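# Summary of the model geometry
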Amino acid sequence: INLASRLEGLSKAGEIVVGESIYQLANRQFRFQATEPTQVKGKVEPVAVYRVMSVLDQQEVIQRVHGVQAKLVGREVEMAMLLEAVENLKQRKGSIISIAGHAGTGKSRPGYRSSG
């Protein structure tokens, strides 16, 4: 949470910046621009920072988390809300989305739509 707060402080209005762990999880869904590693409070070494530039085309999206492939089932409403938030962000209308639920309910597995 501290790193996320520091990264938020580095971002400009309407911009999304992420650290290495989120970049590794999302680099097949979004196009990123790497920036200079940045020294942040609470970290000994500079941290890698990436700017989100755009969403990749659906054809480029691969359903994979650390080698696991799975289709997202039963999350149409939630995905619609997230896609609407992305569209709003493109129009410089920000929002905050929180994902909560019991263990085993699919919070940590990204829900991507495949092209097939």
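Further up the page is the structure itself.
A brief report on the enclosed structure follows. (Residues numbered from 1 in each chain as written. Predicted model: local features only at pLDDT ≥ 70, side-chain atom pairs only at ≥ 80, totals over all residues. Heavy atoms only, no water.)

In the structure shown here, the tally under the stated rule is four aromatic pairs. Judged by centre distance (5.1 Å) and plane angle (75°), the rings of Y23 and F32 are edge-to-face. Relative accessible area serves as the criterion here: at 17%, F32 is assigned to the buried category. Relative to Y50, the ring of F32 has its centre 6.4 Å away and its plane inclined at 80°; by these criteria the two rings are edge-to-face. Of this pair, F32 sits in strand β2 (residues 30–34) while Y50 sits in strand β3 (residues 50–55), and the two are 18 residues apart along the sequence. Since its relative accessible area comes to 12%, Y50 is described here as buried. (Phe/Tyr/Trp six-rings, centres within 6.5 Å; stacked < 30°, edge-to-face > 60°. Buried < 20%, exposed > 50% of the residue type's maximum accessible area, 1.4 Å probe, protein only. Helix = DSSP H or I, 4+ residues; strand = E, 2+ residues; numbered from the N terminus.)

Next up on the list: the pattern of salt bridges. Close approach of charged atoms lets side chains of opposite charge pair. Per the counting criterion, the structure on display carries two salt bridges. Where E15 meets R51, a salt bridge forms, and the shortest distance between an N and an O atom there is 2.4 Å. With E15 in the loop between α1 (2–10) and β1 (17–18) and R51 in strand β3, the pair connects residues that are 36 residues apart, well separated along the chain. The exposure class of E15 is partly exposed, given its relative accessible area of 21%. (Salt bridge = Lys/Arg side-chain N within 4 Å of Asp/Glu carboxyl O.)

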